[in-house]
Amino acid sequence: IVLNEGLKSIGEAAFFCSTVQEIVFPSTLEHLGKNTFYYCRNLKKADLSRTNITRLPASCFMYAGIEEAALPATLKEIEAQAFLKTSQLRTIEIPENVRSIGLEAFRESGIVTVKLPNSIGTITSRAFYYCRALTEVTTYGTASDTGADTAIQAYCFEGCPELSRFEIPQSIRILGQGLLGGNKKVTRITIPASVMQINFSAFNHTGIKEVKVEGITPPQVFEHVWYGFPDDIAAIYVPAVSLEKYKTANGWKDYASKLKAS
């Protein structure tokens with residue numbers, strides 16, 4: 001299907017359960033409705049890069065057969081379950097203008113690599129939950145301050161057993177509970193200076209052995225028992241000027257013997 005130039009909107013569930021194999025989108029497209037390509041099992045490619053859409057709606061490609069997805073620079077929001085169970089999708093680059101990725105947006109998809117912008121705002125709970133083939137999460141672009149509540153929320157990357165490289169965007173302020181739960185292949189992480197709060201058991205039950213924390217001020221911990229990192233962690237490197245501060249800070253003092261000056 002070749003959609004005509006001048007078309008600005010595609011309505012809700014417009015191609016629901018269609019057998020369409022390819023769609024050519026016009027550069028004038030600005031809006032997609034919910035469930036637009038839900039269960040389009042034969043649709044292999046979604047090239048939206050020439051369009052002007054700012055929001056990818058809920059369940060837009062849920063259960064679709066897409067192997068490739070190219071997103072436009074104008075995109076600001078990916079809503080809940082937009083790519084849920086897209087089992088053939090292998091890679092995704094989130095454009096720099098995207099500020100939020102919704103609940104379970106890529107849950108149980110087939111993605112292997114993800115590129116996140118350093119300007120991202122919020123990655124909502126379970127956004128990449130049970131992506132069993134995911135091996136690499138990297139960041140790119142210029143860091144920007146997108147607000148005090150920017151977060152990677154709870155369980156975002158839980159159930160990703162093949163993940164071996166995990167980078168945290170430099171815009172993130174809060175790291176959620178159980179962030180990498182069950183993952184044993186990520187052994188080193190860097191926590192950017194932007195991170196101000198790390199929630200309960202964010203990195204416990206993982207294979208992390210070495211952490212570098214860039215913040216001069218220790219990120220806040222509110223739980224009485226934090227379980228922030230695995231018990232067998234080898235070293236936590238912090239800024240030399242703040243070593244003593246980390247050793248007395250709530251939560252961090254429980255790892256005092258592992259704290260080292262970077």
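Our structure is the block above this text.
Rules used in this analysis
- Every chain is numbered on its own, with residues counted from 1 as its sequence reads.
- The model is predicted, so local features are restricted to residues of pLDDT at least 70 and side-chain atom pairs to those at 80 or more, both for listing and for counting; the totals for chains, interfaces and linings are taken over all residues.
- The side-chain figures draw on all heavy atoms in the structure; neither hydrogens nor water molecules are used.
- Counting from the N terminus, the helices are DSSP H or I runs at least four residues long and the strands are E runs at least two residues long.
- Put simply, the radius of gyration uses C-alpha atoms, and a globule should come to 2.2 Å times the residue count raised to 0.38.
- With a 1.4 Å probe rolled over the protein chains alone, any residue whose accessible area is under 20% of its type maximum counts as buried; one over 50% counts as exposed, and the rest are partly exposed.
- Here a residue-residue contact requires only that any non-hydrogen atoms of the pair lie within 4.5 Å.
- Accessible surface area values rest on a Shrake-Rupley calculation with a 1.4 Å probe, where residue burial reflects the displayed protein chains alone.
- Charged residues are defined here as Lys and Arg on the positive side and Asp and Glu on the negative side; His and the ends of the chain fall outside this count.
- To locate a charge, the coordinates of NZ of Lys, CZ of Arg, CG of Asp or CD of Glu are taken.
- Any two strands with at least two DSSP bridges between them are considered paired.
- Each aromatic pair joins two rings of Phe, Tyr and Trp (for Trp, the six-membered one) with centres within 6.5 Å, and gets the label stacked for planes under 30 degrees apart, edge-to-face for over 60, and tilted for any other angle.
- Think of it as a cone above the ring: NZ of Lys or CZ of Arg counts as a charge over the ring if it is within 6 Å of the ring centre and within 35 degrees of the ring normal.

On to the overall build of the protein chain, then. In terms of helices and strands, the protein chain carries 1 helix and 19 strands. Taken over C-alpha atoms, the radius of gyration comes to 20 Å for the protein chain, in line with the 18 Å a tight globule of 262 residues would show. Taken along the three principal axes of its C-alpha coordinates, the protein chain extends 65 × 30 × 25 Å. When each of the 262 residues of the protein chain is scored for burial, the buried share is 50%. Of the contacts formed within the protein chain by residues at least 6 apart in sequence, a portion of 39% connects residues at least 24 apart. Counting every atom, the protein chain has about 11,300 Å² of accessible surface; 48% of that belongs to carbon and sulfur. With 27 positive and 26 negative side-chain charges, the protein chain shows a separation of 3 Å between the mean positions of the two kinds.

This paragraph deals with the pairing of strand β11 (residues 136-140). Across the 5 residues of β11, 4 count as buried, placing the element largely inside the fold. Sheet analysis places strand β9 (residues 113-117) next to β11, joined by 5 bridges and oriented parallel. Note that in β11 the partner of Val114 across the bridge is Val137. Sheet topology places β11 next to strand β13 (residues 165-166); 2 bridges connect them, and they run parallel. Looking at the pairing, Glu136 lines up with Arg165 of β13.

Moving on, we come to the sheet that holds β13. The sheet built from 4 strands is open, its strands ordered β7-β9-β11-β13 with parallel pairing. Looking at the sheet topology across the chains shown, the edges are occupied by β7 (91-93) and β13.

Attention shifts here to the packing of aromatic side chains. Scanning the entire structure with this criterion turns up 21 aromatic pairs. Ring geometry for Phe16 against Tyr38: centres 5.1 Å apart, planes inclined by 5°, an arrangement best described as stacked. Of this pair, Phe16 sits in the loop between β1 (9-10) and β2 (31-32) while Tyr38 sits in the loop between β2 and β3 (45-47), and the two are 22 residues apart along the sequence. Since its relative accessible area comes to 43%, Phe16 is described here as partly exposed. Consider the rings of Phe229 and Tyr255, whose centres lie 5.6 Å apart with planes at 80°: the pair is edge-to-face. Taken together, the positions of Phe229 in the loop between β17 (210-213) and β18 (235-238) and Tyr255 in the loop between α1 (243-248) and β19 (259-261) put the pair 26 residues apart, joining distant regions of the chain. The pair Phe229 / Tyr255 is uniform in exposure class, with both members buried. Positioned above the aromatic ring of Tyr39, the side-chain terminus of Arg41 is 5.4 Å from the ring centre.

Where the residue is not glycine, phi is negative for most of them; where a peptide bond is considered, it is trans in most cases. Of note, the phi angle at Glu104 is positive, near 55°, even though the residue is not glycine. With respect to the helices, strands and loops of the structure, Glu104 is situated in the loop between β8 (100-101) and β9. Non-glycine residue Tyr155 carries a positive phi angle of around 60°. Considering the arrangement of structural elements, one finds Tyr155 in the loop between β12 (151-152) and β13.

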